[in-house]
2 protein chains.
Amino acid sequence: MIIALDIMGGDRGPHVFLPAIKRCLSDHSDLSFILCGEQDPLNTIFSKLSQSHQSRVHLRVCSQVVDMHTKPTTALRKLKDSSMRVALNTVKEGEADACVSSGNTGALMAMAYYVLKTIPGISRPALVSALPTVTKQKVLLLDLGASINYDAESLLQYAVMGSVLMQQVEGIASPRVALLNVGEEDIKGHSLIKHADLLISQCESVNYVGYVEGDTMFSGNVDVVVTDGFTGNVALKASEGIAKLVISEIKAITQETWFARLISKLTLPLLKSLYQRMNPDQYNGASLIGLRGTVVKSHGNASEDACFYAIEQAISELSQGVPEKIKTIIEQELMEH
Amino acid sequence: MIIALDIMGGDRGPHVFLPAIKRCLSDHSDLSFILCGEQDPLNTIFSKLSQSHQSRVHLRVCSQVVDMHTKPTTALRKLKDSSMRVALNTVKEGEADACVSSGNTGALMAMAYYVLKTIPGISRPALVSALPTVTKQKVLLLDLGASINYDAESLLQYAVMGSVLMQQVEGIASPRVALLNVGEEDIKGHSLIKHADLLISQCESVNYVGYVEGDTMFSGNVDVVVTDGFTGNVALKASEGIAKLVISEIKAITQETWFARLISKLTLPLLKSLYQRMNPDQYNGASLIGLRGTVVKSHGNASEDACFYAIEQAISELSQGVPEKIKTIIEQELMEH
């Protein structure tokens, strides 16, 4: 199993990947890396690996970097020797099995789409991420990719892809798939959503449970939530924002009085436990699915732990053969329509 | 100041309004109510008021009720003697100054639009609510009304209306208004959002600060966030969902071990303080703005406290003359375009 890792994209610099590389190499004896990036950081990372790990790490020196402000179209046209593009190329050429990058999401989606192409029957790749619920089970939300042109068929494809990913990676036999709407009653929502509702309900491979609202998607009663890329992106970020707000309120309250400060010392283990459960790091590693290859997007501001989870996500998808399984279902289901 | 109160809409039954009615009548000596609802609950509420309060409460017996499953079009056509419709009629006829209802949002929006009409220059009313931020200042989010057909001009109107509401009710001299998007860079977002961005930036009455993302809207760096009704509804509910999730995690953690249970007894005041700060009750009372009258929507599941805040919201808007001020700005700004 070979993973192409674009080490240049993150906000914290390439070194943030080093502990994740070490840990993944130790955990998976059949794993090797192709690290793509500029000469200096590649050398630094390589020099800090043990000899046995070095033998499983290949370096690919690139002359360009896609930064956070690069337009996707510019990245596509002008940054052909960027670490992101080179990493994707290795997957296309069959040198690597999967690509992990924490770079500019828009550029990664555009490049991955261009380089790897979508599975036949899929109009565009979707960005999907896991979120916590009130039960211990995660919920997958897709599309998060900020795509703005979509139709009922794309939502159907997201339903199929989300369902396959949940089955294969989280091991849920028959994931409950819901469509995000502004009400759970049939009368709510616009015509495009209603059309998607009809299409998904007719799809035999999907265990479709109907509409879900923004609040009930965290109830643990559904496993996959389907929406368009704009709404999904806003819902994800609004959730992140409010979670941070609650945590900051807790911190503020525990500092207010001497009694609160004393109590907060005692509650430190509880707060840590809360933080662990809500820990955004575990929910790092948004997958780009629907492509003829495995691509995982790590958060731009990902910590060392978060980088590890992103690589683990790619390894899970690879070992479960997610793209192949999506291809099979799509052929069975969608090509008939 | 006369408020028409539809006592029939809420999930908890009409009695939930009783403490709010008492408290508001005690707090505001110039306030009176027109209570609209079925005979029995009206009588029950009335019988529980003191004599001096009874003299400021008028009863309007209605034969119909709009329930949560009624389609807006059905409510409009067939429920002309519903408590919701009668309450709105009293505002139209000048008998009452404002209407408060915790009934079916879609029906209330449709009826209010039909009965009261919009301010000239406003294409449709918007539903707006306040949310907490990391600073102590609230942020207004609009539209939450789940409306699906919108254009750049509607977003501009929301910007103006949100700005006026924040100025008048929260007393912010020059509210910072932002447009919700999937990125803060100019390159992000679709053409409709870009068009709205241009229109709002040219509007002199609005202190426009550009794009904001789903997470940064809770930062306290903006006062008003403008978006379409579908996205706004999802963002609001996703935020409510994640806030509930965090609170439930805290509860679960504090019950896990004997040490945690002990500590949680000590931290009870802190948790209560957190709950107070995040208290959804205070953020109850979504306003329907852009109408030729004041209408406040209380949450269907509103508690006694929440009902009080919804009525207080209507009182604030009335005493600040929000509809008149929106009308003035719209005449100045929008009629020129």
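The name given to chain A in an unreviewed UniProt entry is Phosphate acyltransferase, with the source organism recorded as Glaciecola siphonariae. According to the UniProt record, the Function (unreviewed entry) comment for chain A is "Catalyzes the reversible formation of acyl-phosphate (acyl-PO(4)) from acyl-[acyl-carrier-protein] (acyl-ACP). This enzyme utilizes acyl-ACP as fatty acyl donor, but not acyl-CoA." Among the UniProt annotations of chain A, the heading Catalytic activity (unreviewed entry) holds the following wording: "a fatty acyl-[ACP] + phosphate = an acyl phosphate + holo-[ACP]".

Trainee: Give me the lowdown on the sheet that holds strand S1 (residues 2–6) of chain B, citing residues and values where you can.
Mentor: Residue and element names in this part refer to chain B. Strand order in the open sheet formed by 11 strands is S3-S2-S1-S4-S11-S10-S5-S6-S9-S7-S8, with mixed pairing between adjacent strands. Looking at strand neighbours, the two that pair on one side only are strand S3 (57–61) and strand S8 (207–212), the edges of this open sheet. Shown here is a sheet whose adjacent strand axes are inclined to one another by a mean of 25°, direction ignored. Sheet analysis places strand S6 (residues 139–142) next to strand S9 (residues 224–226), joined by 3 bridges and oriented parallel. By the bridge assignment, Leu141 is partnered in S9 with Val225. Its contacts with the sheet place helix H7 (residues 152–170) against strand S5 (126–131), S6, strand S7 (176–180), S9 and strand S10 (286–289), and it is angled at close to 165° to S9.

Trainee: Just give me the short version of empty space enclosed by the protein, but keep the residues and values in it.
Mentor: All names here are of chain A. A full pass over the atoms with the stated rule returns 3 cavities of 30 Å³ or more. Reported here for the second largest cavity is a volume of approximately 50 Å³. Elements represented by at least two residues in the lining of the second largest cavity include exactly strand S10 (286–289), strand S11 (294–297) and helix H12 (322–333). When residues in the lining of the second largest cavity are grouped by element, the largest group, 3 residues, is from H12. A class-by-class count of the residues in the lining of the second largest cavity yields 7 nonpolar, 3 polar and 1 charged.

Trainee: So what about the packing of helix H5 (residues 83–92) of chain A against helix H6 (residues 105–116) of chain A? Which residues, and what values?
Mentor: Residues and elements named next belong to chain A. Running from N to C, H5 and H6 point in directions that differ by 30°, and their axes come no closer than 10 Å. With respect to each other, H5 and H6 are oriented roughly parallel. H5 and H6 meet at a crossing whose hand is right-handed. On H6, the residues that touch Met84, Arg85, Leu88, Asn89, Val91 and Lys92 of H5 are Ala107, Leu108, Met111, Ala112, Tyr114, Val115 and Leu116. Across the contact of H5 with H6, the residue classes tally to 10 nonpolar, 1 polar and 2 charged.

Trainee: Give a description of a nonpolar patch on the surface that names residues and reports values.
Mentor: Residue and element names in this part refer to chain A. Taken together, the side chains of Trp258, Phe259 and Leu262 present a nonpolar region at the surface, about 360 Å² in accessible area. Relative to the assigned elements, Leu262 resides in helix H10 (residues 258–278). Classification of Leu262 by relative accessible area gives partly exposed; the value is 48%.

Trainee: Give a description of the packing of aromatic side chains that names residues and reports values.
Mentor: Aromatic ring pairs: the centre-centre distance and the angle between the two ring planes describe each pair. For the coordinates displayed, the defined rule picks out 2 aromatic pairs over all chains. With a centroid separation of 5.6 Å and an interplanar angle of 65°, the aromatic rings of Phe308(A) and Tyr309(A) are classed as edge-to-face. Overall, Phe308(A) belongs to the buried group, its relative accessible area being 6%. Given the relative accessible area of 32%, Tyr309(A) is considered partly exposed. Over the ring of Tyr114(B) we find Lys117(B), and its NZ or CZ is 4.7 Å from the ring centre.

Rules of the game
Residues numbered from 1 in each chain as written. Chains lettered and ligands numbered in written order. Predicted model: local features only at pLDDT ≥ 70, side-chain atom pairs only at ≥ 80, totals over all residues. Heavy atoms only, no water. UniProt positions renumbered as here; feature names shortened; annotations may be inferred. Pairing = 2+ DSSP bridges. Helix = DSSP H or I, 4+ residues; strand = E, 2+ residues; numbered from the N terminus. Axes fitted to C-alpha atoms, helices over the stretch in contact; angles between N-to-C directions. Contact = heavy atoms within 4.5 Å. 1 Å grid on protein atoms, 1.4 Å probe; cavity = no way out; pocket = protein on both sides within 12 Å on 5 of 7 lines; lining within 4 Å. Points joined across faces, edges and corners; volume = space filled by probe spheres on them. Nonpolar A, V, L, I, M, F, W, Y, C, P; charged D, E, K, R; others polar. Parallel < 35°, antiparallel > 145°, perpendicular 65-115°, else oblique. Left-handed = near helix turned anticlockwise from the far one by under 90°. Patch = residues over 30% accessible without salt bridge, like charges linked within 9 Å, V, L, I, M, F, W, Y side chains within 5 Å. Areas by Shrake-Rupley, 256 points an atom, 1.4 Å probe, with all protein chains shown as cover. Salt bridge = Lys/Arg side-chain N within 4 Å of Asp/Glu carboxyl O. Buried < 20%, exposed > 50% of the residue type's maximum accessible area, 1.4 Å probe, protein only. Phe/Tyr/Trp six-rings, centres within 6.5 Å; stacked < 30°, edge-to-face > 60°. Lys NZ or Arg CZ within 6 Å of the ring centre and 35° of its normal.

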